[in-house]
Amino acid sequence: MAHGPYTHVSMSIDPGQRPRIGISFYASITRARARVLESGRPYLVLESDEADVTVSTTGAGPVTADDLEIARQIFNAAARYLADCERIHAEHAQASDSAA
């Protein structure tokens, strides 16, 4: 089964609720970057050929304690994702070597 890359975007609009947008990258993310604007506001961007996701401070204002907590959660989740990808890749490579 071939797994071609794609990006899935969904939007839910329910009466009395705030709209909700979901973006799932099942494509190569072409770039992940973090910078600080001249105004002093940090931001994080994940980009693919189909979509960009930008994360920055609350209301595009000064860094709050909540912003710090979200940044820590992003860091920890990314570290876990990296560790899982490395482990699964190594297991796959080992299985391929054993089959050869």
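Treat the numbers as computed from the prediction; the structure is a model and nothing was measured.

**Regarding the overall build of the chain**
Now for step 1: Within the chain, the secondary structure is distributed over 1 helix and 5 strands.
Now for step 2: Mapped in sequence order, the helices and strands of the chain form the string β-β-β-β-β-α.
Now for step 3: Its C-alpha atoms give the chain a radius of gyration of 18 Å, clearly above 13 Å, the size a compact globule of 100 residues would have.
Now for step 4: Dimensions of the chain, computed from the C-alpha atoms along their principal axes, are close to 55 × 35 × 25 Å.
Now for step 5: Out of the 100 residues in the chain, the part that is buried amounts to 11%.
Now for step 6: Between the averaged position of the 9 positive side-chain charges in the chain and that of its 13 negative side-chain charges there is a distance of 5 Å.

**Some thoughts on the environment of T30**
Now for step 1: As for its position among the elements, T30 is in the loop between β2 (20-26) and β3 (31-36).
Now for step 2: In sequence terms T30 and D97 are 67 residues apart; their C-alpha atoms lie 29 Å from each other.
Now for step 3: Not counting chain neighbours up to four residues away, the residues in contact with T30 comprise E47, S48 and D49.

**Concerning the sheet that holds strand β4 (residues 42-47)**
Now for step 1: Overall, antiparallel pairing links the 3 strands, which are arranged β3-β4-β5 in an open sheet. What marks the edges here is a single partner per strand, and that holds for β3 and β5 (52-56). The average angle at which neighbouring strand axes cross in this sheet is 15°, direction not considered.

**Regarding the environment of E50**
Now for step 1: Examined against the element boundaries, E50 turns out to sit in the loop between β4 and β5.
Now for step 2: Linking E50 and R35, residues 15 residues apart in sequence, is a C-alpha distance of 21 Å.
Now for step 3: Setting aside its immediate chain neighbours within four residues, E50 contacts T7 and A27.
Now for step 4: Side chain to side chain, E50 and T7 meet in a polar contact 2.8 Å long.

**Notes on the side chain of T7**
Now for step 1: Here T7 is to be found in strand β1 (residues 6-12).
Now for step 2: Each residue touching T7, except ones within four places of it in the same chain, is listed here: I23, S24, F25, Y26, A27, S48, E50 and A51.

**Structural notes on the pairing of β3**
Now for step 1: Counted residue by residue, β3 has 0 buried out of 6 residues, so it is predominantly exposed.
Now for step 2: Adjacent in sequence and paired antiparallel, β3 and β4 are bridged by 5 residues, among which G40 carries a positive phi angle near 95°.

**Remarks on the pairing of β5**
Now for step 1: Of the strand pairs in this sheet, β4 and β5 are connected by 5 bridges, and their pairing is antiparallel. Bridge assignment links V45 to a residue of β5, and that residue is T54.

**Some thoughts on a nonpolar patch on the surface**
Now for step 1: Taken together, the side chains of V9, M11, I13, I21 and I23 define a hydrophobic patch exposed on the protein surface, amounting to about 500 Å² of accessible area.
Now for step 2: Of all the secondary structure elements, the ones that give two or more residues to the nonpolar patch are β1 and β2.
Now for step 3: Considering the arrangement of structural elements, one finds V9 in strand β1.
Now for step 4: According to the relative accessible area criterion, V9 is exposed, its value standing at 53%.

Criteria and thresholds
- Residues numbered from 1 in each chain as written.
- Predicted model: local features only at pLDDT ≥ 70, side-chain atom pairs only at ≥ 80, totals over all residues.
- Heavy atoms only, no water.
- Helix = DSSP H or I, 4+ residues; strand = E, 2+ residues; numbered from the N terminus.
- Rg over C-alpha atoms; globule rule 2.2 N^0.38 Å.
- Buried < 20%, exposed > 50% of the residue type's maximum accessible area, 1.4 Å probe, protein only.
- Lys, Arg positive; Asp, Glu negative; His and termini not counted.
- Charge placed at Lys NZ, Arg CZ, Asp CG, Glu CD.
- Contact = heavy atoms within 4.5 Å.
- Pairing = 2+ DSSP bridges.
- Axes fitted to C-alpha atoms, helices over the stretch in contact; angles between N-to-C directions.
- Polar contact = N/O pair within 3.5 Å; in protein donor to acceptor, adjacent residues only side chain to side chain.
- Patch = residues over 30% accessible without salt bridge, like charges linked within 9 Å, V, L, I, M, F, W, Y side chains within 5 Å.
- Areas by Shrake-Rupley, 256 points an atom, 1.4 Å probe, with all protein chains shown as cover.
- Salt bridge = Lys/Arg side-chain N within 4 Å of Asp/Glu carboxyl O.

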